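Residue strings, one per chain:
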Amino acid sequence: MELKNKNVFITGSSRGIGLAIAHKFASAGANIVLNGRGQISDDVLAEFAGYPIKVVAISGDVSDGTDAKRMVEEAIAALGSVDILVNNAGITRDKIMLKMTEEDFEQVLKVNLTGAFNMTQAVLKPMTKARQGAIINLSSVVGLTGNVGQANYAASKAGLIGFSKSVAREVAGRNIRVNVIAPGFIESDMTDGLSEKIKEASLAQIPMKRFGNTEEVADVALFLAGQEYLTGQVIAIDGGLTMQ
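Residues numbered from 1 in each chain as written. Predicted model: local features only at pLDDT ≥ 70, side-chain atom pairs only at ≥ 80, totals over all residues. Heavy atoms only, no water.

As annotated in an unreviewed UniProt entry, the protein chain carries the name 3-oxoacyl-[acyl-carrier-protein] reductase and is attributed to Streptococcus cristatus. Quoted verbatim from the Function (unreviewed entry) field of UniProt, the annotation for the protein chain is "Catalyzes the NADPH-dependent reduction of beta-ketoacyl-ACP substrates to beta-hydroxyacyl-ACP products, the first reductive step in the elongation cycle of fatty acid biosynthesis." (UniProt positions renumbered as here; feature names shortened; annotations may be inferred.)

Spelled out as structure tokens, the structure:
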């Protein structure tokens, strides 16, 4: 897929991996929909001033089906279409199982998994009509391996993989591709807050002996968007952590 002048909606793109993906697509000439629950700050919008593209900020809650539909409709009204959807929005509520509440479990699934369902369903009708599109879902290596204290997060991210493969089979005949990125340890606000002891233990598990960065994840997203014969796949960008 030629990415120049394509329209990309990236959920949870006010910071971190989502923001890096937005910059990567903008640098390729794609128009961008920035999204978050709250209003996108002027500082974030200013970061895109140098690109010769259109940037639209649309706030809303992906876990609400009505809101998801409204956001996609606004994006189409502003740009004409949504050619690429990146489901990046996600939350954590980490606790061991004995202390995890039903609300902790359900809220993570609602945002991370149901949110992707809501946004995907909202874009599929116009994508099907156009007979083209790409959907990229951000899972995690935790969805492949599990992790202590993250039963809810792991369930949501593993569910996202099964969801993506099922949808990929449904829409492949309409030239719509659905793929998954499963990041490992990526430098972020979360990893910055880890103790040195935990960082050292984490690095010891990674064959490449370093954390990844958001730019590297964004490179994978751009690759997946452009590959017209690649669908239903999971790419783990994790320094070899989950290699088999």
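A. Spatial organisation of the environment of glutamine 227. Structurally, glutamine 227 can be placed in the loop between helix H9 (214-226) and strand E7 (234-237). According to the relative accessible area criterion, glutamine 227 is partly exposed, its value standing at 34%. For the pair glutamine 227 and valine 72, spaced 155 residues apart in sequence, the C-alpha to C-alpha distance is 24 Å. (Helix = DSSP H or I, 4+ residues; strand = E, 2+ residues; numbered from the N terminus. Buried < 20%, exposed > 50% of the residue type's maximum accessible area, 1.4 Å probe, protein only.)

B. Quick look at the nonpolar core. Core analysis: the largest hydrophobic core is formed by 32 residues, its most contacted members being Phe25, Ile32, Ile84, Val86, Ile136 and Ile181. Among the secondary structure elements, those contributing two or more residues to this core are strand E1 (7-10), helix H1 (16-27), strand E2 (31-36), strand E4 (84-87), strand E5 (133-138) and H9. Non-local contacts of valine 86, meaning those with residues more than four positions away in its chain, are made with Val8, Phe9, Ile10, Thr11, Ile21, Phe25, Ile136 and Leu138. In this structure, Leu79, Val82, Met127 and Phe163 belong to the second largest nonpolar core, which totals 27 residues. (Core = buried A, V, L, I, M, F, W, Y, C linked by side-chain atoms within 4.5 Å. Contact = heavy atoms within 4.5 Å.)

C. Region of the structure containing the pattern of salt bridges. Per the stated rule, a full pass over the model turns up eight salt bridges. Residues lysine 95 and aspartate 104 are paired through a salt bridge, measuring 2.9 Å at the closest nitrogen-oxygen approach. Judged by relative accessible area, lysine 95 falls into the partly exposed class, the value being 35%. With relative accessibility at 10%, the residue aspartate 104 sits in the buried group. Measuring nitrogen to oxygen at the nearest pair gives 2.7 Å for the salt bridge that ties arginine 210 to glutamate 216. In this structure glutamate 216 comes out as partly exposed when scored by relative accessible area, which is 24%. (Salt bridge = Lys/Arg side-chain N within 4 Å of Asp/Glu carboxyl O.)

D. Quick peek at the UniProt feature "domain: Ketoreductase" (unreviewed entry) in the protein chain. Taking the UniProt record as the reference, the feature "domain: Ketoreductase" (unreviewed entry) is found at residues 6-189. Annotated as 47% helix and 18% strand, the span residues 6-189 places its first and last C-alpha atoms 30 Å apart.

E. Here's a closer look at the packing of aromatic side chains. Summed over all chains, the structure comprises two aromatic pairs. Note on phenylalanine 48 and tyrosine 51: the rings are 5.8 Å apart at their centroids and 45 degrees apart in plane angle, and the pair reads as tilted. The exposure class of phenylalanine 48 is buried, given its relative accessible area of 3%. Where phenylalanine 185 meets phenylalanine 211, the ring centres are 5.6 Å apart and the plane angle is 25 degrees; that geometry is what we call stacked. (Phe/Tyr/Trp six-rings, centres within 6.5 Å; stacked < 30°, edge-to-face > 60°.)

F. Representation of the pairing of E1 in the model. Going residue by residue along E1, you find Asn7 and Phe9 tucked away on one face and Val8 and Ile10 tucked away on the opposite face as well. Both E1 and E2 contribute to a ladder of four bridges, which runs parallel. Bridging from a neighbouring strand, phenylalanine 9 pairs with valine 33 of E2. Taking the sense of rotation as the criterion, the β-α-β connection linking E1, H1 and E2 turns out right-handed. Bridge analysis of E1 against E4 gives three bridges, and the strand direction is parallel. In the strand pairing of E4, phenylalanine 9 is matched with leucine 85. (Pairing = 2+ DSSP bridges. Right-handed = clockwise from strand over helix to strand, strands pointing away.)

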